[in-house]
Amino acid sequence: MKKPVPVKSASALIDEKIVELGDWRGKTLARVRAIIRKADPAIVEEWKWVKPTNPGTPVWSHGGIVCTGETYKKVVKMTFAKGAALNDPAGLFNSSLDGNVRRAIDIHEGEKVDEAALKDLIRAAVALNLMGKSKPKPRRASSKRAD
C-alpha cells in the first residue's frame, strides 16, 4: 500500500509564491492578502487552475470566488469574479472594465493600495456571493400522484 503524498495547503502555496517573487510583486501580494484577511476573517484561501503551463493562481473565496491574485511582470492583478455587479465608489477597478461579469484592479510598482476601499469591496463581494446562498431552494413537486 502506497503512502499518501502530502499535499501543500493553498495558504502554504501562496506563502511560497510571495517568497519566490522576492520583489515588489511579492510584497504587494502579501499586502493585498493581509487586507483580504482583515476584511473577512472567514475567507478561504485556495490554489486553482494548475496546468503544465501555469503553476496555479491564488484564489480567495467565501460563498464562491471573491477574487484572485495574479502576478505578472509589471502588475499584480486582483480579479473579482463578480466585479461588474459591485459598487466601486472609490474607483479601484481599473482593468477588465468592458466585461459583463469580472472587474480587476491592476497594482503597479510603487502604487499604494487604498486599504479601506479594498476592504469595502471585499466585503461587498462576499455579501453578493452569500445573497444567493441564504435562501432555501424551493422543493420540486413530487412526481408521485396521490390516489
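The present account deals with the structure reproduced in this document. (Residues numbered from 1 in each chain as written. Predicted model: local features only at pLDDT ≥ 70, side-chain atom pairs only at ≥ 80, totals over all residues. Heavy atoms only, no water.)

### Notes on the nonpolar core
Grouped together as the largest cluster of nonpolar side chains are 27 residues, with contacts concentrated most on Met78, Phe80, Ile105 and Ile122. Those elements giving two or more residues to this core turn out to be α1 (10–21), α2 (24–39), β3 (65–71), β4 (76–80), β5 (103–107) and α3 (115–131). Considering every element that reaches this core, the biggest residue donor is α3, with 6 residues. Once you skip the residues sitting within four places of it in the chain, isoleucine 105 turns out to touch Val76, Lys77, Met78, Phe80, Leu92, Phe93, Asn94, Leu118 and Leu121. (Core = buried A, V, L, I, M, F, W, Y, C linked by side-chain atoms within 4.5 Å. Buried < 20%, exposed > 50% of the residue type's maximum accessible area, 1.4 Å probe, protein only. Helix = DSSP H or I, 4+ residues; strand = E, 2+ residues; numbered from the N terminus. Contact = heavy atoms within 4.5 Å.)

### Looking at the side chain of glutamate 70
Topologically, glutamate 70 is positioned in strand β3. Buried and without a salt bridge, glutamate 70 has lysine 77 as its closest oppositely charged side chain, separated by 6.4 Å. Within polar-contact distance, the side chain of glutamate 70 engages the side chain of tyrosine 72 at 3.2 Å. Beyond its immediate stretch of four places on either side in the chain, glutamate 70 contacts Thr57, Val75, Val76, Lys77 and Thr79. (Lys, Arg positive; Asp, Glu negative; His and termini not counted. Salt bridge = Lys/Arg side-chain N within 4 Å of Asp/Glu carboxyl O. Polar contact = N/O pair within 3.5 Å; in protein donor to acceptor, adjacent residues only side chain to side chain.)

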